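Coordinate analysis (summary)
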Amino acid sequence: MGLFDFIKKDKKEEKSKDLDKNNDNNESKSNKSKSKGFFNRTSNNKEDMNPFDKDRITEKEYKLAKKKRQEKDVRTDDEKIKDSAMKDMALNHKNRNNRIAAVMELKSQDILEDITFNHKDKFVRTVAVSRITDPEILEEITALAEYSDVRQIAFEKLDQIDLAFGELAKFEKDKKIAYGAIEKIENEFVLADVVLNAKDKKIKYKALDKIENIKALEYILNQANLEDNNDNKNKKTRNKTKTNKNRIDKQIIKSIINKKEFNNQEVLFEIAINNKDKFIRSEAVKKIDNDENLREIAINDTNEYVQSVAIESIENDEILSEIAISSQYDNSRLEACKKLNNPSVLSEIAKNDSNKFVRIEAIKSLNQENILVNISLNDEDSYVRSEAIKKISSTTHLKEIVINDIDNIVRKNAINKLILNNNSNEIEDLLYEISIKSKDEEIREIATQNIANEDKLKDIILNSNHIDSSKEALSKLNDEKSLYSIALTSENSQLRINAVEKLKHSKNMKLIENLVLNSKEDDVIVESLDKISNQNILSKFAIGSKNPKIRETACKNLTNRSLLENISNNDEDKYVRKVAKKHLDLLNK
């Protein structure tokens, strides 16, 4: 029997059917009128109760309730056959008007619910839900329906107006309508749900701006924590569950955390340990005031910045000590050392921590000379030894480091610290010893440069085995008698010449003449003669010296023409004769 045959069979009930249709049409008109006047409605729940606190209907509960309703179904067999035919038409007919007409014929609330859940045609499913009057079924739709439009109508029919506005705000594409819905919502937990689930970010922030209720803000953050906890569980179990594309925007979380009035320590701690974003975690950490919670974050968080923020807020020295000693993260130990005031703990860290930068940070707060000296002598890292040197005051130990340390940078740091200590005679004695004993040319140079005592400089010149130290000392020596002595007695030609060079600037010509007359070294005589004007001395060396270079140099300052002529004609060395002739010609001009 076809559908229309079935309808003809029911002509006896046609009058009753028409009455039912009229009632359904009136209901449809009423719903349409409600929709038009929807924005004029206000919340029936002025209190900020959380409508999401109650347990949501589960799929299992829904199926059980549906089964019980079917067991209590009071429809006649004919009504069931008719509803089945109308359901088939509502679901499958190609013409929308016929589908809607079929929905209007349905008596079964459960079949209307099925269409509400499953129909892809918006008009069909919204007509279906508008005909449902059973509060239990409407609750099932609000909890389980895939489509927002039917949930919205179900909420409205249940007189849960804020939740209906919430559905509109979350999914309406027209932003003006969505904004209008937000303005109408009075329950701040519904606004929180919009923040959590709206597809458009601007809508989320619009809803967030309206929320002042701390509990509603906590609700948002708790949901964020649940997301992160689930993500962490999935990661640990390698669960391939798809990530929620509409997950909570991190800027929203930051905005809530940074609200002055928000200070829920439990929620902040959950965010600090579970949120994936290091900047969100750090913002939460800044507001945590429990040292034990901060300790857990400082020890376990993998991000250096978050660790630093946590440690910065810790005041308990025992907790700081624990972090500084036992944290597996170098940065945590380092940051804890910056705040630590326990010398014994700092000492252990400075001597034993595996990371050189942590040891260096510990050293910065140490003042025990014996420990610092021990570190400066024994630590394997040159930078650590250098840091210890900065705080050592013992000049004897500094001198030993300068002479014996294997690293040039450490030696330089030690000698610079030694020099900066003071300029006493004791320091110059140590610098003298360094300039003699050190095997490092640069260190010897630094030591010598910082010696002012002339006797010590002279001793270095005469006694050092390193020509660079002797030359550096000579460059600083100004005492003419000492210079004369070096020029006369030094075994090193370069030192003798350098001494003469300095003496040549002297106004004491007698000293230069004596040097020429008394020196046994030809290089000293040659270097000194060009400063001599005494003709007797010049004549003596121009004629009597066996060294042609000395005779040549003496001729350059001679004024005795006959002597110059004699040398230019008779000297055995052609270069001496040439110089004498050239100088004679100049005198004769």
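Each remark here, short or long, concerns the structure printed above.
Description of the structure in this document.

**With respect to the packing of helix α3 (residues 59-71) against helix α8 (residues 135-144)**
- The contact between α3 and α8 brings their axes to 11 Å, and the two run at 155°. Overall, the two elements α3 and α8 adopt an arrangement that is roughly antiparallel. Relative to α8, α3 is oriented so that their crossing is left-handed. Side by side, α3 and α8 meet where E59, Y62, A65 and R69 of the first sit next to E136, I137, E140 and L144 of the second.
- When grouped by side-chain class, the residues that make up the contact of α3 with α8 number 4 nonpolar, no polar and 4 charged.

**Some remarks on α8**
- If you check which residues of α8 are buried, you get I137, L138, E140, I141, T142 and A143.
- Packing partners of the buried residues in α8 comprise α3, α6 (109-118), α7 (122-130) and α9 (148-157).

**Some words on helix α28 (residues 425-437)**
- Taking 1.5 Å of rise per residue, 13 residues should cover 18 Å, and α28 covers 18 Å from first to last C-alpha, within 8% of that figure.
- Those residues of α28 that fall on the buried side of the exposure criterion are I427, E428, L430, L431, I434 and S435. Seen from one end, α28 has its buried residues packed into an arc of 160°, which puts them on one side.

**Quick look at the nonpolar core**
- One finds I211, I415, L431, I434, L529 and C555 to be the most contacted residues of the largest nonpolar core, which totals 133 residues.
- Residue contributions to this core peak at 7 residues, all from helix α12 (residues 188-197).

**Topic: the packing of aromatic side chains**
- If you walk through the whole model with that rule in mind, you get 3 aromatic pairs.
- Ring geometry for Y62 and F117: centres 5.4 Å apart, planes at 80°, overall edge-to-face. Residue Y62 is located in helix α3, and its partner F117 is located in helix α6; the two are separated by 55 residues in the primary sequence. The burial state of Y62 is the same as that of F117; both residues are buried.
- Judged by centre distance (6.4 Å) and plane angle (50°), the rings of F279 and Y305 are tilted.

Thresholds applied
Residues numbered from 1 in each chain as written. Predicted model: local features only at pLDDT ≥ 70, side-chain atom pairs only at ≥ 80, totals over all residues. Heavy atoms only, no water. Axes fitted to C-alpha atoms, helices over the stretch in contact; angles between N-to-C directions. Helix = DSSP H or I, 4+ residues; strand = E, 2+ residues; numbered from the N terminus. Parallel < 35°, antiparallel > 145°, perpendicular 65-115°, else oblique. Left-handed = near helix turned anticlockwise from the far one by under 90°. Contact = heavy atoms within 4.5 Å. Nonpolar A, V, L, I, M, F, W, Y, C, P; charged D, E, K, R; others polar. Buried < 20%, exposed > 50% of the residue type's maximum accessible area, 1.4 Å probe, protein only. Expected span 1.5 Å × (residues − 1). Arc of directions from axis to C-beta. Core = buried A, V, L, I, M, F, W, Y, C linked by side-chain atoms within 4.5 Å. Phe/Tyr/Trp six-rings, centres within 6.5 Å; stacked < 30°, edge-to-face > 60°.

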